[in-house]
2 protein chains.
Amino acid sequence: MKLYNENMPAPNPRRVRIYLAEKGIEVPLVRIDMMKREHKAPEFMDKNSLGQVPALELDDGTVIAESVAICRYFEALNPEPALFGRTALEQAQIDMWIRRGEFIVMGPIGNFWRHAHPRTAKLLKQFNDFGESNREAAARSMHWLDRELEGHDFIVGNDFSVADITMLCTVDFGSFIGLGIPDDCANLKAWHARVSARPSAAA
Amino acid sequence: MKLYNENMPAPNPRRVRIYLAEKGIEVPLVRIDMMKREHKAPEFMDKNSLGQVPALELDDGTVIAESVAICRYFEALNPEPALFGRTALEQAQIDMWIRRGEFIVMGPIGNFWRHAHPRTAKLLKQFNDFGESNREAAARSMHWLDRELEGHDFIVGNDFSVADITMLCTVDFGSFIGLGIPDDCANLKAWHARVSARPSAAA
């Protein structure tokens, strides 16, 4: 198999790299240079009709897209260490928090990136007022997350999981585009330092 | 346990209702009237700090939010019939398609709903030009889905799964707000007729 990927700082490719590093799984990487639009080239669109990375190509040519779906595939084949939870409740809570990371925190960050950031201006029709409105929404979502983290070492309880991976890549991408963690988010900052100190964060 | 829910046509509460109907699981429902803003009332916000339905409250007071996370909880406890896939590959493909349903198809429908629909005008600051731009994006995503459905009875291969539930609730919500299936999407229309004919679709 091979993993079509991009290097930092795109959040979705990085989620899979951190996941694989945590699991100790090595997969051959094929770099798709998003700045050169290689993900929209016909030969890649034949593999993933959405033209998105990451994408995992199995030996028989089957392609799995979507970062969390790729991680779930590896999790089913390599259950230890469990990063999607062990019990029904843990699995549900981790899934809940992956989704909250994506919709609540990444939602406004992604909207700002697409509609208010100069680096995407040539790629789509930007609605700048809408994009800018997401600056406040992103800060609000990080304040909410900060409150939710009170008393927790990790996003779900006291074990590192894919929910932490999702949130780390999201928050770091926010910082990269100018939507950093607000100064008064002490819980979020402490969590960020904790997960960033893991070797996998360099992936 | 009890499931905080809303009746038609909100897509996320309906996803859980259809899932439970397909599994033959009965859970006491507590109706949260979104038009009366009951999901933003303090007593509900204490259960889900995001003020969103559906939410599943377990007997010990633990709350699981997010429709797919709730379904995964039930799936872990009641594996048959499998609606999230059996093999590692099926599980990954179904997860991939749930996410594509949410991001690619629901994304523009949700943006249109929030920013261009009169029924949400009082609930947030709308960016109408941005919202309207999603009309075309929604049609484009349905054309893409139509091509992907060629030769398939269901979203993933030939078995009904949570990916079908997600897509059905998404497409029906699109129709409800004026973003119906384009006339030339024959595969999508045939799929829609197929899944709508299942008794669970009435849930």
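Keep in mind that this is a model prediction, so the values were computed, not measured.

Calculation criteria
- Here the residue numbers are simple positions, counted from 1 along each chain's written sequence.
- A letter from A marks each chain and a number from 1 marks each ligand, given out in the order of writing.
- The predicted origin of the model limits local features to residues at a pLDDT of at least 70 and limits the giving and counting of side-chain atom pairs to 80 or more, whereas totals for whole chains, interfaces and linings rest on all residues.
- Hydrogens and water molecules were not included; the side-chain quantities draw on all heavy atoms of the structure.
- Put simply, the grid is 1 Å and covers the protein atoms alone, a cavity is a trapped set of points that fit a 1.4 Å probe, a pocket is an open set with protein on both sides within 12 Å along at least five of seven lines, and lining residues have an atom within 4 Å of a point.
- Grid points are joined across faces, edges and corners, and a volume is the space filled by probe spheres set on the points.
- Each helix is a run of H or I in the DSSP string that is no shorter than four residues. Each strand is a run of E no shorter than two, and both are numbered from the N terminus.
- Here the term charged refers only to Asp, Glu, Lys and Arg, the term nonpolar to Ala, Val, Leu, Ile, Met, Phe, Trp, Tyr, Cys and Pro, and the term polar to all other amino acids, Gly among them.
- Overlaid copies result from least-squares superposition on C-alpha atoms, with residues included only where pLDDT is at least 70 in both.
- Only heavy atoms matter for contacts: two residues are in contact if any of them lie within 4.5 Å across the pair.
- Pairing between strands is defined by DSSP: at least two bridges between them are needed.
- To get an axis, a line is fitted to the C-alpha atoms, and for a helix only the part in contact is used. The angle between two axes follows their N-to-C directions and goes from 0 to 180 degrees.
- To sort the angles, those under 35 degrees are grouped as roughly parallel, those over 145 as roughly antiparallel, those from 65 to 115 as roughly perpendicular, and the leftovers as oblique.
- Helix crossings get a hand from a simple test, with the near helix turned counterclockwise from the far one by less than a right angle marking a left-handed crossing and a clockwise turn marking a right-handed one.

Residue and element names in this part refer to chain B. This model, assessed by the stated rule, comprises one cavity of 30 Å³ or more. Counted as a void, the largest cavity has a volume near 30 Å³. Considering the residues around the largest cavity, the lining is formed by Arg15, Tyr19, Ser67, Val68, Cys71, Val162 and Ile165. For the lining of the largest cavity, the secondary structure elements donating two or more residues are α1 (11-23), α3 (67-77) and α6 (162-176). In terms of residue count, α3 provides more of the lining of the largest cavity than any other element does, three residues in total. A per-class count over the lining of the largest cavity returns five nonpolar, one polar and one charged.

The next subject is the relation of the copies chain A and chain B. You can overlay chain A on chain B at an RMSD of 0.0 Å; the transform is a turn of 180° with a shift of 0.0 Å along its axis. Such a combination of turn and shift is consistent with a two-fold rotation axis. Identified as the residue of chain A closest to the rotation axis by C-alpha distance is Phe130(A), at 3.5 Å. When the interface residues of chain A are mapped onto chain B, 100% of them are again interface residues, pointing to one common binding face.

Before going further, it helps to spend a moment on the sheet that holds strand β1 (residues 2-5) of chain B. Residue and element names in this part refer to chain B. Across the sheet, which stays open at both edges, the four strands sit in the order β2-β1-β3-β4 with mixed pairing between neighbours. Bordering the open sheet on either side are β2 (29-31) and β4 (63-65), each of which pairs with just one other strand. The sheet shows a mean angle of 25° between the axes of neighbouring strands, direction not considered. Note: β1 against strand β3 (residues 55-57), three bridges, orientation antiparallel. Its bridge partner lying in β3, Tyr4 is registered against Ala55. Lying on the sheet, α3 is in contact with β1, β3 and β4; it crosses β4 at an angle near 125°.

So, about the packing of helix α1 (residues 11-23) of chain A against helix α6 (residues 162-176) of chain A. Two quantities define a packed helix pair, namely the angle between the helix axes and the distance between the axes. All names here are of chain A. Following both chains from N to C, one finds α1 and α6 inclined at 140°, their axes separated by 9 Å at the closest point. In terms of orientation, α1 and α6 fall into the oblique class. The element α1 and its partner α6 pack so that their crossing is right-handed. On α6, the residues that touch Pro11, Arg14, Arg15, Ile18 and Tyr19 of α1 are Val162, Ile165, Thr166, Leu168, Cys169, Asp172 and Phe173. Looking at side-chain class alone, the contact of α1 with α6 contains eight nonpolar, one polar and three charged residues.

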